[in-house]
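The residues making up each chain are set out below.
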Amino acid sequence: MSLAGAQSKLAVAVDEGGRVCIPMNGSPSTHILKPDSPRLPGGVQNEAFCLILARRMKILAPNITTGTAGKRSFLLIKRFDRTDVGGRWRRLHQEDYCQAFGKPPSAKYESNQTGIRGPTLKDMFDLTRRHLPATDIIRLLDMVVVNVLCCNTDAHAKNYAIMIRGNGNSLAPMYDIMCGEVWGNVTKNFAQKIAGKGRGDDLKGRDWQRVARECGLNPKQVIDRVGTLAKLALAEAEAAASEVAAMPAGSHDILEPTRQAVEHRARVLLGQLQELKAPNADPRSAEGETELEHSEVP
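Residues numbered from 1 in each chain as written. Predicted model: local features only at pLDDT ≥ 70, side-chain atom pairs only at ≥ 80, totals over all residues. Heavy atoms only, no water.

Brief notes about the nonpolar core
In globular proteins that are soluble, nonpolar side chains generally tend to be buried together.
Okay, so step 1: Counting 68 residues, the largest nonpolar core has Phe49, Tyr97, Leu149, Ile194 and Trp208 as its most contacted members.
Okay, so step 2: Contributions of two or more residues to this core are made by helix H1 (43–56), strand S5 (72–78), helix H2 (97–100), helix H3 (121–131), helix H4 (134–149), helix H5 (205–214), helix H6 (219–245) and helix H7 (255–273).
Okay, so step 3: Among the elements that make up this core, the one with the highest residue count is H6 (10 residues).
Okay, so step 4: Residues within four places of Phe49 in sequence aside, it is in contact with Ala237, Ala240, Ala241, Val244, Leu255, Thr258, Arg259 and Val262. (Core = buried A, V, L, I, M, F, W, Y, C linked by side-chain atoms within 4.5 Å. Buried < 20%, exposed > 50% of the residue type's maximum accessible area, 1.4 Å probe, protein only. Helix = DSSP H or I, 4+ residues; strand = E, 2+ residues; numbered from the N terminus. Contact = heavy atoms within 4.5 Å.)

Below you can see the structure in the form of structure tokens.
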């Protein structure tokens, strides 16, 4: 397997007939193939569910399908850093946020053993504000919230990326989303803390207000967006699971617990936002104008 990361993955090309091929002599790959893993049983359906759910929530994510080869299943992800120009595939330039900060891959986590501080959410929003369109600040917020909703504890700085083109930069689609809640051997701690909190079920309304202020966003509108996305996750989770089960690799025993974990997280977040309606709610939630007030929230 030729690509970096905790999961095994292979860069492949899919031809006009749908055959999966190995690129030769520098030819660009068009897809990423992730086979199943004994360490993460059902990981193919788990990741497929998270990515399909994101797409159903109108969050930009790559086109995917599943497949089988012998007794193995795999996830097949269309690369968003490739484009077809006159029948020939071309590479598009991208940098993940770790690269954008000039940090080594080993520093992709906010807390790590390298002695180099990894990028925080505040760092990422600051960089986005400096180099990307204002609307991408909202898109980055959406991705952070979706990672929390999906219980994706591996949302580190190399799992967010920037597309770099001659006419400007833009936030890349979401990728590498998995629900870690369903496996006992996967950490439940965030790769990047949110308002100092390391676990999704601990996040309260005032924590979202705090992270909004830290990242230069409008606290009230961040609260509203978290609530909207949580409701969307609840509305789309069942359909997303059905869509994955209908793919070529079929369903897996992990699919239903994955859906339930995401729905539970969404309900917990919605319940903890209700504290802000109490008489002693933080009055600072309405303070400040930011990009969110001047950008259309999708």
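Notes on unusual backbone geometry
When glycine is set aside, most residues are seen to have a negative phi, and most peptide bonds are trans.
Okay, so step 1: Even without glycine at this site, Asn25 takes up a positive phi of about 55°.
Okay, so step 2: For Asn25, a relative accessible area of 82% gives the class exposed.
Okay, so step 3: If you check the backbone angles, Lys58 has positive phi at about 70° while not being a glycine.
Okay, so step 4: Relative to the elements of secondary structure, Lys58 occurs in the loop between H1 and strand S4 (64–69).

Considering empty space enclosed by the protein
One simple way to see leftover space: roll a probe sized like a water molecule over the atoms.
Okay, so step 1: Tallied over the full model, the rule gives three cavities of 30 Å³ or more.
Okay, so step 2: Put simply, the largest cavity is a space of about 100 Å³.
Okay, so step 3: Forming the boundary of the largest cavity are 13 residues, of which Ala155, Tyr160, Phe190, Gln192 and Ile194 lie nearest the centre.
Okay, so step 4: No other element matches the three residues that H4 contributes to the lining of the largest cavity.
Okay, so step 5: Partitioning the lining of the largest cavity into residue classes produces eight nonpolar, four polar and one charged. (1 Å grid on protein atoms, 1.4 Å probe; cavity = no way out; pocket = protein on both sides within 12 Å on 5 of 7 lines; lining within 4 Å. Points joined across faces, edges and corners; volume = space filled by probe spheres on them. Nonpolar A, V, L, I, M, F, W, Y, C, P; charged D, E, K, R; others polar.)

A few points about the environment of Arg259
Okay, so step 1: Residue position: Arg259 is located in helix H7.
Okay, so step 2: Between the C-alpha atom of Arg259 and that of Gly115, which follows or precedes it by 144 residues, the distance is 37 Å.
Okay, so step 3: Among the polar contacts made by the side chain of Arg259, one reaches the side chain of Glu256 at a distance of 2.3 Å. (Polar contact = N/O pair within 3.5 Å; in protein donor to acceptor, adjacent residues only side chain to side chain.)

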